[in-house]
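Report on the structure
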Amino acid sequence: MAKYEIMLLVDGNLDEAKSKEAIKNLTELFSKQKDYKETSLGLRDLAYKINGLSKAWYTQLNFSFEDVTKIAEFRRLALIDKAVIRHLVINLDKDYGASALKNPKKVKRSKAKMTKYKERMAKIAADREAKEKQMQELKEINSLAKKEEK
């Protein structure tokens, strides 16, 4: 079973009851799942205006599901519903989360990035040491030159 997370933004001009009703119409597909969890994050300001709106009701849905056709149906219904400003569906097993650690491609990519990062950091440290050594030598030369001048 794949774990999903959905973020819904519903029109902020609607009162709370109407926004919950709009959400309920969309979540009927998933609400019968045994691990279904709906979290209302309340009315919040948007970072930028969407369709002239500056506020939205935020709702987060979490559940496990096998039937991908119901996810497609949810997306279709969310696009049709005028109260829904935005929606985002994330498959946590593929994109994020602990299960991503089991994905061999992502683990390999992550290890390659870590190797490159360590190589870069080692080069930066070596360059820093070389520059510090040069600065020490210059200071010694300057101090010797000052002594000879006296």
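Every chain is numbered on its own, with residues counted from 1 as its sequence reads. Two thresholds apply to this predicted model, a pLDDT of at least 70 for residue-level local features and 80 or more for giving and counting side-chain atom pairs, whereas whole-chain, interface and lining totals are computed over all residues. Excluding hydrogens and water, the side-chain figures rest on all heavy atoms present in the structure.

A word on the nonpolar core. With 20 residues, the main nonpolar core has Tyr-4, Ile-6, Leu-8, Phe-30, Phe-63, Ile-71 and Phe-74 as its most contacted residues. Secondary structure elements are taken from DSSP: a helix is a run of H or I of four residues or more, a strand is a run of E of two residues or more, and numbering for both begins at the N terminus. No other element matches strand E1 (residues 2-11), which puts 5 residues into this core. In this structure, Leu-9, Leu-46, Tyr-58 and Ile-85 belong to the second largest nonpolar core, which totals 7 residues. By convention a nonpolar core is built from buried Ala, Val, Leu, Ile, Met, Phe, Trp, Tyr and Cys residues, the set being connected through side-chain atoms within 4.5 Å. Accessible area is worked out with a 1.4 Å probe on protein chains only. A residue is then buried under 20% of its type maximum, exposed over 50%, and partly exposed in between.

Note: most peptide bonds trans; most residues except glycine with negative phi. Positive phi is not limited to glycine here, since Asn-51 has a value of about 55°. Counting through the fold element by element, Asn-51 comes out in the loop between strand E2 (37-50) and strand E3 (53-65). A residue is classified by how much of its surface remains accessible, and Asn-51, at 69% relative accessible area, is exposed.

Exposure above 30% relative accessible area and the lack of any salt bridge qualify a residue for a patch; like charges then connect within 9 Å, and the nonpolar side chains Val, Leu, Ile, Met, Phe, Trp and Tyr within 5 Å. Using the Shrake-Rupley algorithm and a 1.4 Å probe, accessible areas are obtained, with residue cover drawn only from the displayed protein chains. Salt bridges are identified by distance alone: a Lys or Arg side-chain nitrogen within 4 Å of an Asp or Glu carboxyl oxygen. A surface patch of nonpolar side chains, amounting to about 400 Å² of accessible area, comprises Met-114, Tyr-117, Met-121 and Ile-124. Counting through the fold element by element, Met-121 comes out in helix H4 (residues 104-149).

Now for the pattern of salt bridges. Under the definition given, this model contains 3 salt bridges. Of the charged contacts, one joins Lys-20 and Glu-16 as a salt bridge, the two residues approaching to 3.5 Å between their closest N and O atoms. Within this pair, Lys-20 and its partner Glu-16 are both found in helix H1 (residues 16-27), separated by 4 residues, close to a single helical turn. Residue classification places Lys-20 among the partly exposed residues on the basis of a relative accessible area of 48%. The partly exposed category is assigned to Glu-16, whose relative accessible area is 40%. Residues Asp-45 and Lys-55 are paired through a salt bridge, measuring 3.2 Å at the closest nitrogen-oxygen approach. Of this pair, Asp-45 sits in strand E2 while Lys-55 sits in strand E3, and the two are 10 residues apart along the sequence.

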